[in-house]
Amino acid sequence: MNSAPSGVTVLNHPLVRVELTVLRNVNTGTDLFRASLNRIAELLFMEATRHLETVPVPVTTPLVETTGAALARTVVLVPILRAGLGLLDGVLDLLPGAVVPHIGIARNEATSHPEPYYTKLPACLPEAEVIVLDPMLATGGSACEALRQMKAAGVTRLTLVTVLSCPEGLAAVTAAHPDVRLITGVVDEGLNAFNYIVPGLGDAGDRYFGT
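The residue numbers shown here count from 1 along each chain, following its written sequence. Restriction of local features to residues with pLDDT of at least 70 applies here, the model being predicted, together with a cutoff of 80 or more for giving and counting side-chain atom pairs; totals for whole chains, interfaces and linings are based on all residues. Hydrogen atoms and water are omitted, and side-chain values are computed over all heavy atoms in the structure.

**Student:** Mind laying out the overall build of the protein chain, listing which residues take part and the relevant values?
**Tutor:** Runs of E in the DSSP output that reach at least two residues are strands. Runs of H or I that reach at least four are helices, and both are numbered from the N terminus. Each helix and strand in the protein chain was counted, giving six helices and 12 strands. Restricting the calculation to C-alpha atoms gives the radius of gyration, and the globule rule supplies 2.2 Å times the number of residues raised to the power 0.38. The C-alpha radius of gyration of the protein chain comes to 17 Å, within 12% of the 17 Å expected for a compact globule of 211 residues. Expressed as lengths along the three principal axes of its C-alpha atoms, the size of the protein chain is roughly 60 × 35 × 35 Å. For the exposure calls, accessible area comes from a 1.4 Å probe over protein chains only, and a residue counts as buried if that area is under 20% of its type's maximum, exposed if over 50%, partly exposed in between. When burial is assessed residue by residue, the protein chain has 44% of its 211 residues classed as buried. Accessible surface is estimated by sampling points in the Shrake-Rupley manner with a 1.4 Å probe; for residues, cover comes only from the protein chains shown. On the protein chain, roughly 10,000 Å² of surface is accessible, and the fraction owed to carbon and sulfur atoms is 57%. Charge counting follows a simple rule: Lys and Arg are positive, Asp and Glu are negative, and His as well as the terminal groups are ignored. Positions of charges follow a simple convention, taking NZ of Lys, CZ of Arg, CG of Asp or CD of Glu. Separation between the mean location of the 14 positive side-chain charges and that of the 20 negative ones in the protein chain comes to 1 Å.

This is the structure we're talking about:
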């Protein structure tokens with residue numbers, strides 16, 4: 001399935017599909033899983049930053065004076081701990097100067113409800129371009145809570161990037177936060193009885209960190 005609600009961009013790209021095949025494979029080891037997730041993070045991030053505004057800056061080439069470009073605003077990357085760190089590594093290769101706060105949200109395995117346990121945010125959020133990173137959008141609980149915290153901190157330019165989504169998670173996020181841009185690699189079939197995405201790729205955090 002690759003349909004999605006309005007405001008959601010599904011990056012139905014051949015390279016994304018290839019990397020997703022590696023990530024889904026139960027026999028993919030930790031080292032290859034990390035490398036593949038880093039590559040797909042770069043592909044998603046290119047789409048997620050397409051809207052960023054730039055300002056002209058002077059630059060001297062070996063031949064002439066000309067005009068180049070600089071980002072108009074600070075970019076803040078917010079990984080949802082811990083699985084979001086798997087996307088952060090690949091994204092920082094493209095934007096090494098980004099500001100990186102953290103939000104810790106655990107899913108209660110009995111209720112599937114999000115339980116925040118850590119937040120460390122910078123003062124620049126209201127003026128920045130803020131991109132929240134989380135590989136899996138299942139029930140949407142953790143993403144909705146992270147986006148709520150961002151808005152409470154004054155964020156007005158907000159994007160969510162996720163590798164795998166499902167209809168239930170997309171519906172939850174777009175209902176609670178219709179103003180947030182959402183970029184995803186693919187929309188899977190749905191959730192199983194344990195609220196895991198099917199066909200999915202298992203637990204992204206466990207597979208990325210080898211736990």
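Once the structure has been displayed, the description carries forward.
**Student:** Lay out the packing of aromatic side chains with the relevant residues and their values.
**Tutor:** Paired rings are identified among Phe, Tyr and Trp, the last through its six-membered ring, by centres lying within 6.5 Å, and are further divided according to the angle between planes into stacked (under 30 degrees), edge-to-face (over 60) and tilted (the rest). Enumeration according to the criterion identifies one aromatic pair in this entry. With a centroid separation of 5.1 Å and 80 degrees between ring planes, the pair formed by Tyr 208 and Phe 209 is classed as edge-to-face. Residue class for Phe 209 comes out partly exposed when judged on its relative accessible area of 29%. Any Lys NZ or Arg CZ found within 6 Å of a ring centre and within 35 degrees of that ring's normal is scored as a charge over the ring. Just above the ring of Tyr 208 sits the side chain of Arg 34; from NZ or CZ to the centre is 5.7 Å.

**Student:** Which residues make up the layout of surface pockets, and what are the values?
**Tutor:** Buried and open spaces are told apart on a 1 Å grid over the protein atoms alone, a cavity being a set of points where a 1.4 Å probe fits but cannot get out and a pocket being an open set with protein on both sides within 12 Å along at least five of seven lines. Residues with an atom within 4 Å of a point are the lining residues. Grid points are joined across faces, edges and corners, and a volume is the space filled by probe spheres set on the points. Its volume calculated, the largest pocket comes out at about 590 Å³. Taken together, 30 residues form the lining of the largest pocket, with Ala 83, Arg 107, Asp 134, Ser 142 and Asp 203 sitting closest to its centre. In the scheme used here, Gly and all other residues not listed as nonpolar or charged are polar, with Ala, Val, Leu, Ile, Met, Phe, Trp, Tyr, Cys and Pro taken as nonpolar and Asp, Glu, Lys and Arg as charged. The residue makeup of the lining of the largest pocket, split by class, is 15 nonpolar, nine polar and six charged.

**Student:** Pulling in residues and values, what's your account of helix 4 (residues 141-152)?
**Tutor:** A helix is expected to span 1.5 Å multiplied by its residue count minus one. Between its terminal C-alpha atoms helix 4 stretches 17 Å, which fits the 16 Å expected from 12 residues at 1.5 Å a residue. Summarising burial for helix 4: nine of the 12 residues are buried, a large majority. Those residues of helix 4 that fall on the buried side of the exposure criterion are Gly 141, Ser 142, Ala 143, Cys 144, Glu 145, Ala 146, Leu 147, Gln 149 and Met 150. A positive phi of about 100 degrees marks Gly 154, the residue just after helix 4.

**Student:** Break down the packing of helix 4 against helix 5 (residues 167-176) for me, citing the residues and quoting the values.
**Tutor:** In contact at an axis separation of 10 Å, helix 4 and helix 5 are set at 20 degrees when each is read in the N-to-C sense. Between helix 4 and helix 5, the crossing angle belongs to the class labelled roughly parallel. Seen from above, helix 4 lies across helix 5 with right-handed handedness. Across the interface between the two elements, Ala 143, Cys 144, Leu 147 and Lys 151 from helix 4 touch Ala 172, Val 173 and Ala 176 from helix 5. Its residues assigned to classes, the contact of helix 4 with helix 5 shows six nonpolar, no polar and one charged. Geometry is summarised by axes, namely lines fitted to C-alpha atoms with helices restricted to the contacting stretch, and by angles between N-to-C directions that run from 0 to 180 degrees. Between 65 and 115 degrees an angle is taken as roughly perpendicular, under 35 as roughly parallel, over 145 as roughly antiparallel, and anywhere else as oblique. In a left-handed crossing the near helix is turned counterclockwise from the far helix by less than a right angle, and in a right-handed crossing that turn is clockwise. The contact rule is simple, with two residues in contact once any of their heavy atoms fall within 4.5 Å.

**Student:** Account for the packing of helix 2 (residues 30-48) against helix 3 (residues 85-94), with residues named and values stated.
**Tutor:** One can describe the packing of helix 2 onto helix 3 by two numbers: an axis separation of 7 Å at closest approach and a directional angle of 60 degrees. For the element pair helix 2 / helix 3, the angle class is oblique. Helix 3 is crossed by helix 2, and the crossing has right-handed handedness. For the pair helix 2 and helix 3, contact is made by Leu 37, Asn 38, Ala 41, Glu 42, Phe 45 and Met 46 and by Gly 86, Leu 87, Asp 89, Gly 90, Val 91, Asp 93 and Leu 94, respectively. Looking at the contact of helix 2 with helix 3 residue by residue, the class counts come to seven nonpolar, three polar and three charged.

**Student:** Outline the pattern of salt bridges, supporting the account with residue identities and numerical values.
**Tutor:** As a working rule, side chains carrying opposite charge can pair if their charged atoms are close by. Criterion for a salt bridge: a side-chain nitrogen of Lys or Arg within 4 Å of a carboxyl oxygen of Asp or Glu. Using the criterion set out here, one finds eight salt bridges in the structure. In this structure, the salt-bridge partner of Arg 39 is Glu 19, at a minimum N-O distance of 2.9 Å. Of this pair, Arg 39 sits in helix 2 while Glu 19 sits in helix 1 (residues 14-24), and the two are 20 residues apart along the sequence. Asp 206 is the salt-bridge partner of Arg 82, the closest N and O atoms lying 2.3 Å from each other. Placement of Arg 82 in the loop between strand 4 (75-81) and helix 3 and of Asp 206 in helix 6 (residues 204-209) is noted, with a sequence separation of 124 residues between them. On the accessibility criterion, Arg 82 (32% relative accessible area) is partly exposed. Overall, the relative accessible area of 29% leaves Asp 206 in the partly exposed class. Sharing partners across several salt bridges, the network here consists of Glu 53, Arg 73 and Glu 129.

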